[in-house]
Every structure is written in structure tokens, then in C-alpha cells.
Amino acid sequence: MLPDYAELHCLSNFTFLRGASHPEELVERAHALGYRALALTDECSVAGVVRAHVTAKELKLPFIVGAEVTLDEGPNEELLDMTRRFWWGLALAVPVVAIDMGGHWGGGHWSGGHLFGMHAEWVECLFATPVVLWAGWPLLLRGAQSVARGAFNMFTLIGLGVAAAFLYSLAATFTPGLFPGGSPPVYFESAAVIVVLALLGQVLELRARASTSGAIKALLRLAPREALREIGRAS
């Protein structure tokens, strides 16, 4: 136990890709460690303060509301990364969906057939693999972290759905003899579409957060950089 210690800079999962724990979990942990107080300072956000405040009030732990605001005018690396993953994921997911849906629209299914001299399932796997394992890696990582902590959230569902569809499809593609009938359907398009839609949501969220950050930065710029102090003048 740390005597008379207060944490004044703490990030929750509302700071995407930097924070991992829920606000209430941070408060509970701070109380367990004997902290005198805890400040929640997410990046340009106070979205988690209500949950943290409720838990802090129950545990009688002094809670400080804050936010991490930087005036750096450089590009938002997090937004650039998620945007890049989204567009590459979308470009690779479209052929997967077209191959899978094209078979249905044509009055049959590509399963067991050939496309570009390859089994259609192999072509889908070729396009879907980078979507899931590269574009969707941050989502899968967050899902795995939520399971490891036992704090299930949206990323738990995303990771579970993507992993189930992708791993089943891999097994159906490369070991079809393990399934009854020997020609099971694959769901590469489901895994790819889930990843792309989740990335789109993250991009929109980060853009909204960037707009809020810009407004806060503009407000901070209005503060005077210099001040005059008068000494000896009666008020």
C-alpha cells in the first residue's frame, strides 16, 4: 500500500488504443491499492467520468475530473492508422463479398467450384486473411484484453464473431473432410464485413473526437499568453 498517494493522470478505455480498463475498474483498483484520490484524464474526453464518479462515491474515494488536451497541430496518428486500415479492409472485403454473393445471385454457389483457376474458397481466404489479421488486429487485441480481464464489452462480441467465422472457414477450406458431406459453406465474407463495419465505427468516433479536440484547442488559444500584474494598487 502506498501512503498518501494520488494518481493524477489515468487513461481508461475511452482513450482508444492507449487505455484498456473501464473507468469503474480503475477506481476500484485505486481504492484497493489505498490511493487517496484518483483523476481520470482521458484524451479530449470526459465520457467515462460518470461511471467513475458513481463507483468512487460508493467507495468514498475522492475523484478528480480531468482530460488530457494537447495543442500539437500534427496529424492524428490514431485516426490516420484506423482510416488506413478501414480503406484497405474495404478494398479487400469487396471481392470476398462479391465472390460469395455472386454465387447465390447466379443461381448456385461457388463452393466446390473454381475461380481464376483456384477453388473459390481459397480466393476468399486469400482476400479475407489480411482483412481479419491486419486491418482488424486492433479490434481483436481489444477483444482478447477484455476476455483476459473478465470485463466484456463491444470488442468482446466483435472478436468472438470474427474469430468464430474466420477459424471455422479456415477449417472448412483446408480440411473439408472433417465436416459431414465434405463440402461445408465458408463465412469469410462475414468475418471481413464485421471487421470493416467495426473499423468504420472507430473512424467515425475518432473523427468526432478530433472535432471536439479542435474546439477545445481553439478555446484554449483564446487564453492570453501574457498578463500584467499591478502591485500596490488598491482594489
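Within each chain, residue numbers correspond to sequence positions counted from 1 in written order. Local features in a predicted model are, by the rule used here, given only for residues with pLDDT of at least 70; side-chain atom pairs are given and counted only at 80 or more, and totals for whole chains, interfaces and linings are based on all residues. To get the side-chain values, all heavy atoms of the structure are used, and hydrogens and water are removed first.

> Any chance you could explain the pairing of strand β2 (residues 37-43) here in plain terms?
It is a general feature of regular strands that their side chains alternate between the two faces of the sheet. The cut-offs for exposure are 20% and 50% of the maximum accessible area for each residue type, with area from a 1.4 Å probe on protein chains only; residues under the lower value are buried, those over the upper are exposed, and the others partly exposed. Starting at the N terminus, helices and strands are each numbered in turn, a helix being any DSSP run of H or I of at least four residues and a strand any DSSP run of E of at least two. Here β2 lies mainly inside the structure; 6 of its 7 residues are buried. Any two strands are treated as partners once DSSP identifies two or more bridges connecting them. Of the strand pairs in this sheet, strand β1 (residues 6-7) and β2 are connected by 2 bridges, and their pairing is parallel. Each residue of the ladder has a partner; that of Ala6, found in β2, is Ala37. Examined bridge by bridge, β2 and strand β3 (residues 63-68) share 6 bridges and lie parallel to one another. Paired with Ala39 across the two strands is Ile64, which belongs to β3. With helix α2 (residues 49-59) bridging β2 and its parallel neighbour β3, the resulting β-α-β unit is right-handed. Handedness rule for crossovers: strands pointing away from the viewer, path from the first strand over the helix to the second running clockwise, crossover right-handed.

> I tried to follow the sheet that holds β2 on my own but got confused; where do I start?
Strand order in the open sheet formed by 3 strands is β1-β2-β3, and the pairing between neighbours is parallel. Here the strands that pair on one side only, and so sit at the sheet edges, are β1 and β3. Should any heavy atoms of two residues lie within 4.5 Å, those residues are considered in contact. Note on geometry: axes are C-alpha line fits, over the in-contact stretch for helices, and angles between N-to-C directions span 0 to 180 degrees. Where α2 meets the sheet, it contacts β2 and β3, and its direction lies at approximately 160° from that of β3.

> Sorry, what's going on with the packing of aromatic side chains here?
How two aromatic rings sit relative to each other is given by the distance of their centres and the angle of their planes. Any Phe, Tyr or Trp ring, taking Trp's six-membered ring, that has another such ring centre within 6.5 Å forms a pair; planes under 30 degrees apart are called stacked, those over 60 apart edge-to-face, and the others tilted. Under the criterion given, the structure shown has 5 aromatic pairs. Each ring, one from Tyr168 and one from Phe179, has its centre 5.3 Å from the other, and the planes form 80°; the classification is edge-to-face. Separated by 11 residues along the polypeptide, Tyr168 in helix α6 (residues 154-174) and Phe179 in the loop between α6 and α7 (188-221) bring together distant segments of the chain. Accessibility expressed as a relative area gives 29% for Tyr168, which makes it partly exposed.

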